[in-house]
Amino acid sequence: MGSAHAATLTFTVQNKITTSDIINTFTNTCTPIIPSLGTVLAGTTSGMHQLNCGTSTAVGFRYASGTKTCTFNLSSIYTPANPFLGTSEYWTPSGTATSNGSTLATCKATLTGIGSSGSYTWALSMQ
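A brief structural summary. (Residues numbered from 1 in each chain as written. Predicted model: local features only at pLDDT ≥ 70, side-chain atom pairs only at ≥ 80, totals over all residues. Heavy atoms only, no water.)

What links the strands of a sheet is backbone hydrogen bonding, and the strands pair in either a parallel or an antiparallel sense. Here four strands make up an open sheet; going across it, the order is 3-1-8-7 and the pairing mixed. Of all the strands in the sheet, the pair left with one neighbour each is strand 3 (49–52) and strand 7 (107–114). Taken over all neighbouring pairs, the strand axes of this sheet differ in orientation by 25° on average, direction set aside. The pairing of strand 1 (residues 8–15) with strand 8 (residues 120–126) spans seven bridges and is classified as parallel. Directly across from Thr-12, in strand 8, lies its bridge partner Ala-123. (Pairing = 2+ DSSP bridges. Helix = DSSP H or I, 4+ residues; strand = E, 2+ residues; numbered from the N terminus. Axes fitted to C-alpha atoms, helices over the stretch in contact; angles between N-to-C directions.)

This is the structure:
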């Protein structure tokens, strides 16, 4: 596998709703998120969350407030070097934020940092 290292995803969740808290209602991940996801108070940002599943790190989760819901999906996938083609190893980050409640929410996933060996930092928000 060459110099591939574990892919660490780090992220925060910002609640841009100033009148109500947002609550984590679903989580699907390759390993536990540290610290675990919890309620984000109105108008605040969570602390840093982190997970690491090796060469294929992925997490999907939802936050809700009333009839607004945001689904977030983050991943970091490793592609090994191919000596026959002369290509180097590389990591591919992916992040999506989708509104899927009965009331439209503004959901964002912004890549804010690129580290080494597939480590990425994301800023997520819900409004």
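Our focus in this paragraph is the nonpolar core. Burial of nonpolar side chains together is a common tendency in soluble globular proteins. Membership of the largest hydrophobic core comes to 24 residues, with the highest contact counts inside it found for Phe-11, Val-13, Phe-61, Tyr-63 and Leu-124. The contacts of Val-13, once residues within four sequence positions are left out, are Ile-22, Val-40, Thr-44, Thr-45, Ser-46, Phe-61, Tyr-63 and Leu-124. (Core = buried A, V, L, I, M, F, W, Y, C linked by side-chain atoms within 4.5 Å. Buried < 20%, exposed > 50% of the residue type's maximum accessible area, 1.4 Å probe, protein only. Contact = heavy atoms within 4.5 Å.)

Another point: the side chain of Thr-10. Mapped onto the elements, Thr-10 comes out in strand 1. Of note is the side chain of Thr-10, whose polar atom sits 3.1 Å from the side chain of Gln-50. Contacts of Thr-10, omitting those with residues within four sequence positions, involve Met-48, His-49, Gln-50, Tyr-120, Thr-121 and Trp-122. (Polar contact = N/O pair within 3.5 Å; in protein donor to acceptor, adjacent residues only side chain to side chain.)

Time to look at the pairing of strand 4 (residues 56–65). Taking burial as the measure, the 10 residues of strand 4 include seven buried ones, the bulk of the element. In this structure, strand 2 (residues 23–29) lies alongside strand 4, joined through six bridges in antiparallel fashion. Note on strand 4: the bridge partner recorded for Thr-27 is Phe-61. Pairing geometry for strand 4 and strand 5 (residues 68–79), over 10 bridges, is antiparallel. Following the sheet pairing, Arg-62 is matched in strand 5 by Thr-71. In textbook terms, the turn of a hairpin is the stretch between consecutive antiparallel strands, and for strand 4 and strand 5 this stretch comprises two residues, one of which, Gly-66, has a positive phi near 60°.

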